[in-house]
Structures are given as C-alpha cells and as structure tokens.
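# Architecture at a glance
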Amino acid sequence: QLPLVESGGGLVQPGGSLKLACVPSGSGFDRTTVGWFRQVPGKEREGVACINRWSDMIKYEDSVRGRFAISRDNAKNVVSLQMNSLKPEDSGVYYCMMLTNGCAGSNPLDAKWTFGSWGQGTQVTVSS
C-alpha cells in the first residue's frame, strides 16, 4: 500500500489556524476510515482524530476536542483537519493513515489500527 500524502503544515503563532489535507496515492480511500496522527521528538506517536467512510463516526483526542475538526469530501478524495486556537503543544509532524477500526471501539486512535505505509507527513510549528 502506497502512503497517503499530507500537506498544509507551516509556522503559525499561538492562537492561529491551519488546515491540513490528506489525499491518497492508491485506491479504496473513499471506503476507508482515516486518522490523523502527530509525532514530536522523544514522544510516542499520538492519535489526533479519526473519521469513518460515512462521516458518522468521528473521534478526537481529548487535548484537541473543540479546537480541531476532521472532515472528508469523498467526491474530491480528500480528508481535512481544520486546526484552530493552536497551541505550542500542538507542534509536530502530522500524518494521515488508513484505519481498520471504523473509528469505533474503546481506543480507536491507537496507531495499532493503522495499515499501509507512513508518508512524509507535514510539519506544524506553533511558536511566538
């Protein structure tokens, strides 16, 4: 499975906003649950949000709930992550990955549910 392609990262001040995009390299994207993850040096990769194929199952990590919004447009073959009220703690490399769990269950943001290859990610830096 080829990796998904992330874009939209950059440098923003605290309180600012960014919108990330995730697009496929292969097929089946529109039939698959997708999650966003982030990585900072020295820490475990952290699940941020997930969304199923129908957009009726959505999950957010506690620290981003109310500030981030995940959405998808299957006609355009894109999954987005709108990030508002950004904090320095949100900094990291953001990845999107396909998931096997339908964005359901007790721990749907665990990376163990991912499949396919990790892409290059897109770097988000929140700093004053």
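Going by the structure above, here's the rest.
Summary of the structure given here. (Residues numbered from 1 in each chain as written. Predicted model: local features only at pLDDT ≥ 70, side-chain atom pairs only at ≥ 80, totals over all residues. Heavy atoms only, no water.)

### Here we look at the pattern of salt bridges
For the structure on display, the rule yields five salt bridges. Of the charged contacts in the structure, one is a salt bridge between Arg65 and Asp62, with a shortest N-O distance of 2.8 Å. A residue is classified by how much of its surface remains accessible, and Arg65, at 42% relative accessible area, is partly exposed. Residue Asp62 is classed as exposed on the basis of its relative accessible area of 58%. Taken together, the salt bridges that share partners define one network made up of Arg38, Glu46, Arg67 and Asp90. (Salt bridge = Lys/Arg side-chain N within 4 Å of Asp/Glu carboxyl O. Buried < 20%, exposed > 50% of the residue type's maximum accessible area, 1.4 Å probe, protein only.)

### Focus: the sheet that holds strand 7 (residues 68-73)
Across the sheet, four strands lie side by side as 1-3-8-7; this open sheet has antiparallel pairing. The two strands at the open ends of the sheet, each matched to only one other strand, are strand 1 (5-7) and strand 7. Strand-to-strand twist of the sheet, defined as the mean angle between neighbouring strand axes without regard to direction, takes the value 15 degrees. With five bridges joining them, strand 3 (residues 18-23) and strand 8 (residues 78-83) adopt antiparallel strand pairing. (Pairing = 2+ DSSP bridges. Helix = DSSP H or I, 4+ residues; strand = E, 2+ residues; numbered from the N terminus. Axes fitted to C-alpha atoms, helices over the stretch in contact; angles between N-to-C directions.)

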